[in-house]
Amino acid sequence: MNQKKKFPKMINYPKVTLKPGKEHSIKRFHPWIFSGAVSRVEEGLEEGDLVALYSSRDEFLAIGHIAIGSIAVRIISFEQEEINLDFWIRKIQSALQLRKAIGLYGTANNNVCRLVHGEGDGLPGLIIDFYAGTAVIQCHSVGMYLHRGEITEALQSVLGENLKSVFDKSEGTIPFKSGIEPKNGYLYGESESFVALENGLKFNVDWLKGQKTGFFIDQRENRSLLEHYSKGRSVLNMFCYTGGFSFYAMRGGANLVHSVDSSARAIEITKENVEANFPGDTRHEAFAEDAFKYLDKSGEKYDLIILDPPAFAKHKNVLQNALKGYKRLNSIGFEKIKKGGIMFTFSCSQAVSKEDFRKAIFASAASAGRTVRILHQLTQPADHPVNIYHPEGEYLKGLVLYVE
Ligand code: SAH
């Protein structure tokens, strides 16, 4: 008999109480509580502890992780429940279910997907990317980091034979003021970096040294769209990282493809990847150079340009500078692109809204004096779902533009 169902256990996590009227967002399932909304915190709590959130009228609201910083609590459950292995299994099971439902887990042409996307999967602070057998975990909160053992066990239980190893890559993502000093490493098994298959194209993924979890899975569909516009075009893939957009352009029939990134290592991997997909193909060249310098001296030879820079704004308070950065970059893009060219331009900064981004691009187009029409408005793919109660989760913004 399942005792738990019949006699629900009252859980007893330390209490965090909100100021009067501050419970509304939580009642609408928003997963964050800002520090200004908190009136009382039980003594002795440490960053990352599980807490139970109560309204000023002492009504239970949710369970979450406490943190130092402007977001004081990140909610992981809106129910009175125990956060144990069973909880993690259910959460990961539900995340996997979604990836299976959308056909992104274990298909012949794709062996890579995002398995857990933070708030989008009800688990703020946790990212898990799945690379054909290796789950790469990235914790963005101390709370999540403290659960990494249970998360690993849950992954083993849910993925079974399909899981060969779990790699923790939280070294650069845990807030540094927390005092915890995580080291990247395997939590289960061990495997070499391997070749990812994305829509049938091969990519070298290095989760040990690569950026983020090793590969930018979030551009999968946008790369596919680019393929359709590449025939007969001269392509510049700016901020290419491991060359993602370049190979789609090559497969799509581009005349020439130039890949540029300031990281010499990224350019090295890009070249290896080109060789793996299109051995001996002379249409491709790669340059380890700063984007602005490269664009400044490049002539007007490209009629398909991709601008996919790193996040210019990591926080709200640097928003204005970030917008200036997007304006400057895109202005040069508009000045350089050939008449009748197509530009794919992106922002992956969560702090920059869709409207802000569009305004920045509008200002760039105007300053370059070009006639510009929007062909597509792009976002992140379905394995990076947005929790409807957490619109902030829609971080990737892209515009495909026809430039006359
Ligand atoms: N488009 C890539 C992801 C881009 S990530 C993909 O599809 O996988 C951003 C890249 O910008 C990183 O590889 C980083 O090395 C590069 N970068 C950062 N600053 C740069 C600069 N000033 N000039 C050129 N590249 C830069």
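Residues numbered from 1 in each chain as written. Predicted model: local features only at pLDDT ≥ 70, side-chain atom pairs only at ≥ 80, totals over all residues. Heavy atoms only, no water.

**Examining helix α7 (residues 244-251)**
For α7, the buried fraction is high: 7 of the 8 residues fall into the buried class. Listing the buried residues of α7 in full gives Gly244, Phe245, Ser246, Phe247, Tyr248, Ala249 and Met250. With its phi angle positive at about 95°, glycine 253 sits one or two positions after the end of α7. (Buried < 20%, exposed > 50% of the residue type's maximum accessible area, 1.4 Å probe, protein only. Helix = DSSP H or I, 4+ residues; strand = E, 2+ residues; numbered from the N terminus.)

**Quick word on the sheet that holds strand β14 (residues 234-238)**
In spatial order, the strands read β16-β15-β14-β17-β18-β20-β19; together these 7 strands make up an open sheet with mixed pairing. Because the sheet does not close on itself, it has two edges, and the strands there are β16 (284-288) and β19 (372-378). Strand-to-strand twist of the sheet, defined as the mean angle between neighbouring strand axes without regard to direction, takes the value 15°. Sheet topology places β14 next to strand β17 (residues 304-307); 4 bridges connect them, and they run parallel. (Pairing = 2+ DSSP bridges. Axes fitted to C-alpha atoms, helices over the stretch in contact; angles between N-to-C directions.)

**Some words on the nonpolar core**
In terms of nonpolar packing, the biggest core is built from 37 residues, with Trp88, Leu126, Ile128, Ile151, Leu155 and Leu159 touching the most fellow members. Contributions of two or more residues to this core are made by β4 (50-54), β5 (60-66), α3 (85-101), β7 (112-117), β8 (126-131), β9 (134-139), α4 (142-146) and α5 (148-159). Both domains that meet at this core, namely domain 1 (15-77) and domain 2 (85-197), each give it at least three residues. (Core = buried A, V, L, I, M, F, W, Y, C linked by side-chain atoms within 4.5 Å. Domains from an automatic or database assignment.)

**Some points on the domain arrangement of the chain**
You can read the domains of the chain as domain 1 (15-77), domain 2 (85-197) and domain 3 (216-403). Averaged C-alpha coordinates put domain 1 and domain 2 at centres separated by 26 Å. At the interface, 12 residues of domain 1 touch 14 residues of domain 2. Here domain 1 packs against domain 2, burying approximately 980 Å² in sum over the two surfaces, 67% of which is carbon and sulfur. For the domain 1 face of the interface with domain 2, the top three residues by lost area are Glu47, His65 and Ile76, together amounting to 49%. Taken together, the links from domain 1 to domain 2 amount to 0 salt bridges. Remark: the boundary between domain 1 and domain 2 carries 2 residue pairs in polar contact (both at pLDDT 80 or more). Counting residues per element, the side of domain 1 that touches domain 2 draws most heavily on strand β6 (residues 71-77), at 4 residues. Classifying every residue of the side of domain 1 that touches domain 2 by side-chain character gives 6 nonpolar, 4 polar and 2 charged. (Contact = heavy atoms within 4.5 Å. Buried area = accessible area lost by both parts, 1.4 Å probe. Salt bridge = Lys/Arg side-chain N within 4 Å of Asp/Glu carboxyl O. Polar contact = N/O pair within 3.5 Å; in protein donor to acceptor, adjacent residues only side chain to side chain. Nonpolar A, V, L, I, M, F, W, Y, C, P; charged D, E, K, R; others polar.)

**Details of the side chain of glutamate 198**
Considering the arrangement of structural elements, one finds glutamate 198 in strand β12 (residues 194-198). Only 2.5 Å separates the side chain of glutamate 198 from the side chain of tyrosine 248, close enough to count as a polar contact. Contact partners of glutamate 198, with chain neighbours within four places excluded, come to Asn109, Asn110, Phe203, Phe215, Ile217, Arg220, Arg223 and Tyr248.

**Describing the packing of aromatic side chains**
A complete count under the given rule lists 15 aromatic pairs for this structure. Each ring, one from phenylalanine 203 and one from phenylalanine 247, has its centre 5.2 Å from the other, and the planes form 50°; the classification is tilted. Placement of phenylalanine 203 in strand β13 (residues 201-205) and of phenylalanine 247 in helix α7 is noted, with a sequence separation of 44 residues between them. Side by side, phenylalanine 203 and phenylalanine 247 carry an identical accessibility label, which is buried. Across from the ring centre of phenylalanine 203, 5.8 Å away, lies the NZ or CZ of arginine 223, which sits over that ring. (Phe/Tyr/Trp six-rings, centres within 6.5 Å; stacked < 30°, edge-to-face > 60°. Lys NZ or Arg CZ within 6 Å of the ring centre and 35° of its normal.)

**Side note on a negative patch on the surface**
A grouping of Asp290, Asp296, Glu300 and Glu335 is seen on the molecular surface, where their side chains present a negatively charged patch. Take glutamate 300: it is sitting in the loop between α9 (291-297) and β17. (Patch = residues over 30% accessible without salt bridge, like charges linked within 9 Å, V, L, I, M, F, W, Y side chains within 5 Å. Areas by Shrake-Rupley, 256 points an atom, 1.4 Å probe, with all protein chains shown as cover. Lys, Arg positive; Asp, Glu negative; His and termini not counted. Charge placed at Lys NZ, Arg CZ, Asp CG, Glu CD.)

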